[in-house]
Amino acid sequence: KPIAGCIGCAACRNTGKCFQEDGVNEFVEKMKTADGLIVGSPVHYAAASGHVTAFLDRAFYSGSSAFQGKPAAAIVSCRRGGASAAFDQLNKYFSISNMPIVTSNYWNQVHGNTPEEVLRDEEGIQTMTVLADNMAWLLKCIEAGKQVGINIPEREAKIRTNFIR
């Protein structure tokens, strides 16, 4: 389904769900039981895809508690430039949501116009392999911690300060 952007109605503050019915609420429900998250996007004008950001804006705003403590990684794919800006943009969703960010041996990006070109990006493919290994390792560490009683830290209620008075 097409993904619409957030309209700022704040209805989800009361219900915990976005009023728009296009898959975002189903995703948030699945995140409640997911172990982690990997988000990928093509790079458009040195930014993540508008569809991806519309989806993430609504998912993270309406269902932020479903994401806390779960490892996350962003992956971007571009022809040539803008990857680091898009990568940074996606990682901000994770950092504001108390999610450990999984890294690799370089920024999580691949280059090419087609899947065949991406497969020739040897450094990019190695970056993805290291990222996958790091995600698997961190998920295993979290599970091992849970087995011995180490759980996600309790979080204080979020303090929101508006500087416009």
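Please read these numbers as outputs of a predicted model, since none were measured by experiment.

*Asks:* Honestly, the layout of surface pockets in this entry has me stumped. Any pointers?
*Replies:* Of the pockets and cavities examined, the largest pocket occupies roughly 760 Å³. Lining the largest pocket are 24 residues; nearest its centre among them are F60, Y61, S64, K158 and R160. When contributions to the lining of the largest pocket are tallied by element, the ones reaching two or more residues are α1 (11–15), α2 (24–31) and α3 (50–62). Here the lining of the largest pocket gets five residues from one element, more than from any other, and that element is α3. Residue composition of the lining of the largest pocket, grouped by class: eight nonpolar, eight polar and eight charged. Of the pockets and cavities examined, the second largest pocket occupies roughly 350 Å³. For the second largest pocket, the lining is made up of 16 residues, of which G69, K70, I142, K146 and I152 are closest to its centre. Partitioned by chemical class, the residues of the lining of the second largest pocket number eight nonpolar, three polar and five charged.

*Asks:* Explanation requested: the sheet that holds strand β3 (residues 72–78) in the structure shown.
*Replies:* Backbone hydrogen bonds hold the strands of a sheet together, and the pairing may be parallel or antiparallel. The strand order across the open sheet built from four strands is β2-β1-β3-β4, with neighbouring strands paired in mixed fashion. Edge positions in the open sheet fall to β2 (47–48) and β4 (109–111), since each of these has one partner strand only. Summarising the sheet, strand β1 (residues 37–44) and β3 pair through six bridges and their orientation is parallel. Counted as the bridge partner of S41 is V76 from β3. Across the sheet, helix α4 (residues 83–95) is in contact with β1, β2, β3 and β4; its angle to β3 comes to roughly 155 degrees.

*Asks:* Explain α4 to me, please; I cannot follow it from the model alone.
*Replies:* Note: α-helices contain 3.6 residues per turn, so residues at a spacing of three or four share the same orientation. Under the 1.5 Å per step criterion, the end-to-end length of α4 is 18 Å for 13 residues, consistent within 8% with the ideal 18 Å. Those residues of α4 lying buried are A83, A86, F87, L90, N91, Y93 and F94. For α4, the angular spread of buried residues about the axis comes to 140 degrees, placing them on one side. On its buried side, α4 packs onto β1, β2, α3, β3 and β4.

*Asks:* Just checking my understanding: could you explain unusual backbone geometry for this structure?
*Replies:* Glycine aside, negative phi is the norm for most residues, and most peptide bonds take the trans geometry. Although it is not a glycine, A10 sits at a positive phi angle of roughly 65 degrees. Along the chain, A10 falls in the segment before α1. Accessibility expressed as a relative area gives 24% for A10, which makes it partly exposed. The backbone of A46 sits at a positive phi, close to 60 degrees, despite the residue not being glycine. With respect to the helices and strands, A46 occurs in the loop between β1 and β2.

The rules behind these values
- Residues numbered from 1 in each chain as written.
- Predicted model: local features only at pLDDT ≥ 70, side-chain atom pairs only at ≥ 80, totals over all residues.
- Heavy atoms only, no water.
- 1 Å grid on protein atoms, 1.4 Å probe; cavity = no way out; pocket = protein on both sides within 12 Å on 5 of 7 lines; lining within 4 Å.
- Points joined across faces, edges and corners; volume = space filled by probe spheres on them.
- Helix = DSSP H or I, 4+ residues; strand = E, 2+ residues; numbered from the N terminus.
- Nonpolar A, V, L, I, M, F, W, Y, C, P; charged D, E, K, R; others polar.
- Pairing = 2+ DSSP bridges.
- Contact = heavy atoms within 4.5 Å.
- Axes fitted to C-alpha atoms, helices over the stretch in contact; angles between N-to-C directions.
- Expected span 1.5 Å × (residues − 1).
- Buried < 20%, exposed > 50% of the residue type's maximum accessible area, 1.4 Å probe, protein only.
- Arc of directions from axis to C-beta.

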